[in-house]
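Structure at a glance
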Amino acid sequence: MVTTVDSPAVGGLAPALRRLYFVRFAFAIVWAILVFLTTKSGLGAVGAVLVVVYPLFDLGSAVVDARSAKGNGSVRGLYVNMVISLLATIGVGVAAASGIPAVLRVWGAWAIVAGLVQLIVGVIRRKMGGQWPMILSGGISVLAGANFIIGASGANPSLTHVAGYAVLGGIFFLVSAIRLGRAAQGN
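Along each chain, the written sequence defines residue order, and numbers are assigned to residues from 1. With pLDDT at 70 or above as the cut-off, local features in this predicted model cover only qualifying residues; side-chain atom pairs require 80 or more to be listed or tallied, and sums for whole chains, interfaces and linings still use all residues. Side-chain metrics in this entry use all non-hydrogen atoms of the structure; hydrogen atoms and water are not considered.

**As for the overall build of the protein chain**
Filter applied, for reference: Starting at the N terminus, helices and strands are each numbered in turn, a helix being any DSSP run of H or I of at least four residues and a strand any DSSP run of E of at least two. Here, two residues are considered to be in contact whenever any of their heavy atoms come within 4.5 Å of each other. Exposure was quantified through the Shrake-Rupley algorithm and a 1.4 Å probe, taking into account, for residues, occlusion by the shown protein chains and nothing else.
When helices and strands are counted, the protein chain shows 6 helices and 0 strands. Its helices and strands in sequence order give the protein chain the pattern α-α-α-α-α-α, from N to C terminus. By sequence separation, contacts in the protein chain at least 24 residues apart represent 73% of the contacts at least 6 residues apart. Accessible surface, the protein chain as shown: approximately 9,000 Å² in total, 70% of it carbon and sulfur.

**Describing the environment of glycine 77**
Residue position: glycine 77 is located in helix α3 (residues 76-96). For the pair glycine 77 and alanine 66, spaced 11 residues apart in sequence, the C-alpha to C-alpha distance is 9.3 Å.

**Some details on the packing of helix α2 (residues 44-69) against α3**
Heads up, the condition is: Here, axes are lines fitted to C-alpha atoms. For helices the fit covers the stretch in contact, and angles between N-to-C directions go from 0 to 180 degrees. Note on terminology: angles under 35 degrees are roughly parallel, angles over 145 are roughly antiparallel, angles of 65 to 115 are roughly perpendicular, and the others are oblique. Each crossing gets its hand from how the near helix is turned against the far one by less than a right angle, where anticlockwise is left-handed and clockwise is right-handed. Throughout this entry, Asp, Glu, Lys and Arg are counted as charged residues, while Ala, Val, Leu, Ile, Met, Phe, Trp, Tyr, Cys and Pro are counted as nonpolar. The remaining residues, Gly among them, count as polar.
α3 packs onto α2 with a crossing angle of 165° between their chain directions and a minimal axis gap of 8 Å. Relative to α3, the element α2 is oriented roughly antiparallel. As for how α2 packs across α3, the hand of that crossing is left-handed. Every residue of α3 that contacts α2 at Ala48, Val51, Val52, Pro55, Leu56, Asp58, Leu59, Ala62, Val63, Asp65, Ala66 and Ala69 is listed here: Leu78, Tyr79, Asn81, Met82, Ser85, Leu86, Ala88, Thr89, Val92, Gly93 and Ala96. Considered class by class, the residues forming the contact of α2 with α3 number 17 nonpolar, 4 polar and 2 charged.

**Here we look at helix α5 (residues 132-151)**
As a reminder of what qualifies: To estimate how far a helix should reach, multiply one less than its number of residues by 1.5 Å. Here the term buried applies to any residue with accessible area under 20% of the maximum for its type, exposed to any over 50%, and partly exposed to those in between, with areas from a 1.4 Å probe on protein chains only.
Over its 20 residues, α5 runs 28 Å from end to end, which matches the ideal 28 Å to within 8%, given 1.5 Å per residue. All buried positions along α5 are accounted for by Met134, Ile135, Ser137, Gly138, Ser141, Ala144, Gly145 and Phe148.

**So, empty space enclosed by the protein**
Selection criterion: The distinction between a cavity and a pocket rests on a 1 Å grid over the protein atoms alone: a 1.4 Å probe fits inside a cavity but cannot get out, while a pocket stays open yet meets protein on both sides within 12 Å along at least five of seven lines, and a residue with an atom within 4 Å of a point counts as lining. Grid points are joined across faces, edges and corners, and a volume is the space filled by probe spheres set on the points.
In the structure shown here, the tally under the stated rule is 2 cavities of 30 Å³ or more. Empty space within the largest cavity amounts to approximately 50 Å³. Lining the largest cavity we find 10 residues, and of these Arg24, Phe27, Ala28, Tyr54 and Phe173 sit closest to its centre. Listed by contribution, the elements that provide at least two residues to the lining of the largest cavity are α1 (13-38), α2 and α6 (160-186). Per-class residue counts for the lining of the largest cavity are 6 nonpolar, 2 polar and 2 charged.

**Focus: the packing of α3 against helix α4 (residues 100-124)**
Contact geometry of α3 with α4 gives a least axis separation of 8 Å together with a crossing angle of 170°. In terms of axis orientation, α3 runs roughly antiparallel to α4. Seen from α3, the contacting residues are Val80, Ile84, Ser85, Ala88, Gly91, Val92, Ala95 and Ala96; seen from α4, they are Ala102, Val103, Val106, Trp107, Trp110, Val113, Ala114 and Val117.

**Thoughts on a nonpolar patch on the surface**
Defined as follows: Here the term patch refers to residues with relative accessible area over 30% and no salt bridge, with like charges joined within 9 Å and nonpolar side chains (Val, Leu, Ile, Met, Phe, Trp, Tyr) within 5 Å. A pairing counts as a salt bridge when a side-chain nitrogen of Lys or Arg comes within 4 Å of a carboxyl oxygen of Asp or Glu.
A cluster of nonpolar side chains, Ile33, Phe36 and Leu37, forms an exposed patch at the surface whose accessible area comes to about 300 Å². Relative to the helices and strands, leucine 37 resides in helix α1.

**Overview of the environment of threonine 160**
Position of threonine 160 among the secondary structure elements: in helix α6. Spatially, the C-alpha atoms of threonine 160 and threonine 39 are 8.3 Å apart, while their sequence positions differ by 121 residues.

**Some remarks on the nonpolar core**
The nonpolar side chains of a soluble globular protein tend to be buried with one another. As a reminder, the rule being used: Residues belong to one nonpolar core when they are buried, are Ala, Val, Leu, Ile, Met, Phe, Trp, Tyr or Cys, and are joined through side-chain atoms within 4.5 Å.
Ranked by internal contacts, the top residues of the largest apolar core, which has 34 residues, are Trp31, Leu43, Val51, Tyr54, Val103, Trp107 and Leu159. Looking at this core, the elements with two or more residues in it are α1, α2, α3, α4, α5 and α6. Examining the composition of this core, we find that 10 residues originate from one element, α4, more than from any other.

**Comments concerning the side chain of serine 141**
In this fold, serine 141 is placed in helix α5. Residues within four places of serine 141 in sequence aside, it is in contact with Ala111, Ile112, Gly115, Gln118 and Tyr165.

The following block contains the structure:
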């Protein structure tokens, strides 16, 4: 899930964002593997911790991003993301007590709301250039969120698709980190 919505890569901000994006990529991959390995037979204690840790990590990443971006532009979108991620952390924590279907519903709602924020910000900022990954990621988040909610009512709901979604979000962060590095080399 790509949720950094309002961080211009200006001056000294680009290296900080690049590092953050590489960390977010690595986290998403490791997290997805752990979810896949630990939730095959149900949510369990480890799975419950993992589903809470992801939005909490997203919240922490937005805080780091906002601190890096101060003075380099508006961080309003990051503050919105922090609130959304905090609510998702609480919601997923409560839902984990009820099982995978409840987690999928909350995760789906989180993906839809966060995706809509990304999509709107990306469309508004499209004239700046370089916004297509954000627009694409936002659109994918909305569709994936709807799929998670629908899948929660399925015969055997699982977190497999959530893990795949995290991998895709991680790949978006990797691409963004690489693009930031290339942009810095071009300057």
